[in-house]
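Take a look at the letters that make up each chain.
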Amino acid sequence: MAVYTVERDYHLDGRMSKTILDDHLRAVVAESGIREGYIMIFVAGCVSGLAITEAEPGIMEHDMDYMFEKAIGVPYGDNFADGTPYRHHETWNDDNGASHLRALLLHHSFSVPVVDGRVMLGPWQNVLLIECDTGPRTRTIWYQVQGER
């Protein structure tokens, strides 16, 4: 079995900023020469995450933010929607308690099958990197392709 690993950095603006990684996954699989196996994606950091969803404007520009802010009640700021303070702020004297909670509901890694050299995402599936922190950050993603050439 062959293994190919590469790391890439991404700069995001924070507060649920998103970037689509589909083309990057495909490029890494092509670079690897692996035809059958899987690609694993991992993002380092407690306040960022990965998701697979349809990257259409309603989800990207409204629905995901609304879900965290209103439906789940995790707004940015000092408190939960009901006014309860984020205790994380007391521990570290910072402002990103909501960022940690939002990232808890995302993934930090997952795998996608590679068949005949193709990343097997469905026709409406997109891989997103999402930055939950309150300000701009650079995140490192490790891509690891394993399988047979």
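A.B. asks: Explain the packing of aromatic side chains residue by residue, including any values.
C.D. replies: Considering all chains together, one arrives at two aromatic pairs under this definition. Considering the side-chain rings of Phe42 and Trp142, the 6.3 Å spacing of their centres and the 40° angle between planes classify their relative orientation as tilted. Of this pair, Phe42 sits in strand E3 (residues 36-43) while Trp142 sits in strand E8 (residues 137-148), and the two are 100 residues apart along the sequence. You can call Trp142 partly exposed: its relative accessible area is 30%. Arranged with centres 4.6 Å apart and planes meeting at 50°, the rings of Phe80 and Tyr86 form a pair that is tilted. Note on Tyr86: relative accessible area 3%, which makes it buried.

A.B. asks: A description of the sheet that holds strand E4 (residues 48-53) should follow, citing residues and the corresponding values.
C.D. replies: Sheet strands associate in pairs through backbone hydrogen bonding, adopting either a parallel or an antiparallel arrangement. Strand order in this open sheet of three strands is E2-E7-E4, and the pairing throughout is antiparallel. Bordering the open sheet on either side are strand E2 (17-20) and E4, each of which pairs with just one other strand. The sheet shows a mean angle of 30° between the axes of neighbouring strands, taken without regard to direction. As defined by bridge partners, E2 adjoins strand E7 (residues 126-131) across four bridges and the pair is classed as antiparallel. Paired with Thr19 across the bridge in E7 is Leu129.

A.B. asks: Summarise the sheet that holds strand E1 (residues 2-12); cite the residues concerned and give the values.
C.D. replies: Spatially, E1-E8-E3-E5-E6 is the arrangement adopted by the five strands of the open sheet, whose pairing is antiparallel. The outermost strands of the open sheet, each flanked by one partner alone, are E1 and strand E6 (118-119).

The rules behind these values
Residues numbered from 1 in each chain as written. Predicted model: local features only at pLDDT ≥ 70, side-chain atom pairs only at ≥ 80, totals over all residues. Heavy atoms only, no water. Phe/Tyr/Trp six-rings, centres within 6.5 Å; stacked < 30°, edge-to-face > 60°. Helix = DSSP H or I, 4+ residues; strand = E, 2+ residues; numbered from the N terminus. Buried < 20%, exposed > 50% of the residue type's maximum accessible area, 1.4 Å probe, protein only. Pairing = 2+ DSSP bridges. Axes fitted to C-alpha atoms, helices over the stretch in contact; angles between N-to-C directions.

In short, geometric facts, not functional conclusions.
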